[in-house]
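# Examination of the molecular architecture
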Amino acid sequence: MQVPKAGDAQDCWLCTPNYEWMSGNTHVSCGKRYTCWQMAACGRAKKLGIQAASLYWHVRSKQDLLSLVAEEICAPMREPDRTLSWRYQLEELANEYRRVLLAHRDAARVLASSGGPSGPKRLRLTEIGLRTLLDAGFSHKDAAYAGLMLNDFVIMCVLEETQYANAEAEGASEDSSSGVQNWIESLPPNEYPSVVALADYLADPDGDERFRFGVELLRNGLETLLTRRKA
């Protein structure tokens, strides 16, 4: 499975036949850049055949609009192979979630701001994750907490992963990760020896490896918890 890199450009939803979704990158017709929120508002208004200013006659609030956009972001997510063990089903689900968030600019920020799932597409994904945990033998409480933790982990990883890419794309920095590493290495080593020694890894822009590491920790921790609960 090919995972989009943070900052990869995508066409916006105003330029797709059904206006279903945009990335918030550069509008291919006018060349202007928009935030995810701005493009969401424009796209939904276009789909309804109205001006963006009239959108709130059809959508009650910005929060409701963010929920609608979050639905569209998650729509392409594929269900993991149910013949796999629960550990690998969770891994597939996390990887797929990360893939769709990286495919659209500011998508992780939208998911972090949109509240809990309320539409059928996100509810279906929530059901898949929780069902996987319950089928594995986790208690109701453990399954609920583990599902919330997995969701938060993926969103925060992508937020962290894309912050430098977005800044660089907007011209704020030529190489933000190198700047962070240089700053860490400039710290007094007698005061912060551990921080300076780990500068290469703390500023490493390779989100793939860090994400795999985090997923492995989560899987191993959940497996240990399940074994202890059953003992």
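What you are looking at is a predicted structure, and each value in this text was computed from that prediction instead of being measured.

## Considering helix α10 (residues 207–230)
Here α10 spans 35 Å end to end across 24 residues, near enough to the 34 Å set by a 1.5 Å rise per residue. By the burial criterion, the buried members of α10 are Gly207, Asp208, Phe211, Gly214, Val215, Leu218, Arg219, Leu222, Leu225 and Leu226. Sitting at the amino-terminal end of α10 is Asp206, which places a side-chain oxygen 3.2 Å from the backbone nitrogen of Asp208.

## Notes on the packing of helix α2 (residues 62–74) against helix α5 (residues 120–136)
As a packed pair, α2 and α5 sit with axes 8 Å apart at the nearest point and diverge in direction by 55°. As judged from the angle between their axes, α2 and α5 are oblique. Contacts between α2 and α5 involve Ala70, Glu71, Glu72 and Cys74 from the former and Pro120, Lys121, Arg122 and Leu125 from the latter.

## Considering the packing of aromatic side chains
By the definition in use, this model includes two aromatic pairs. Here the aromatic rings of Trp86 and Phe138 are separated by 5.3 Å at their centres, their planes lie at 85°, and the arrangement is edge-to-face. Residue Trp86 is found in helix α3 (residues 86–102), and its partner Phe138 is found in the loop between α5 and α6 (140–169); the two are separated by 52 residues along the sequence. When its relative accessible area of 15% is taken as the criterion, Trp86 is described as buried. With a centroid separation of 5.4 Å and an interplanar angle of 25°, the aromatic rings of Phe153 and Phe211 are classed as stacked. Of this pair, Phe153 sits in helix α6 while Phe211 is found in helix α10, placing the two residues 58 residues apart along the sequence.

Here is what the cut-offs are and how they apply
Residues numbered from 1 in each chain as written. Predicted model: local features only at pLDDT ≥ 70, side-chain atom pairs only at ≥ 80, totals over all residues. Heavy atoms only, no water. Helix = DSSP H or I, 4+ residues; strand = E, 2+ residues; numbered from the N terminus. Expected span 1.5 Å × (residues − 1). Buried < 20%, exposed > 50% of the residue type's maximum accessible area, 1.4 Å probe, protein only. Polar contact = N/O pair within 3.5 Å; in protein donor to acceptor, adjacent residues only side chain to side chain. Axes fitted to C-alpha atoms, helices over the stretch in contact; angles between N-to-C directions. Parallel < 35°, antiparallel > 145°, perpendicular 65-115°, else oblique. Contact = heavy atoms within 4.5 Å. Phe/Tyr/Trp six-rings, centres within 6.5 Å; stacked < 30°, edge-to-face > 60°.

Shape is all these values report; function is a separate question.
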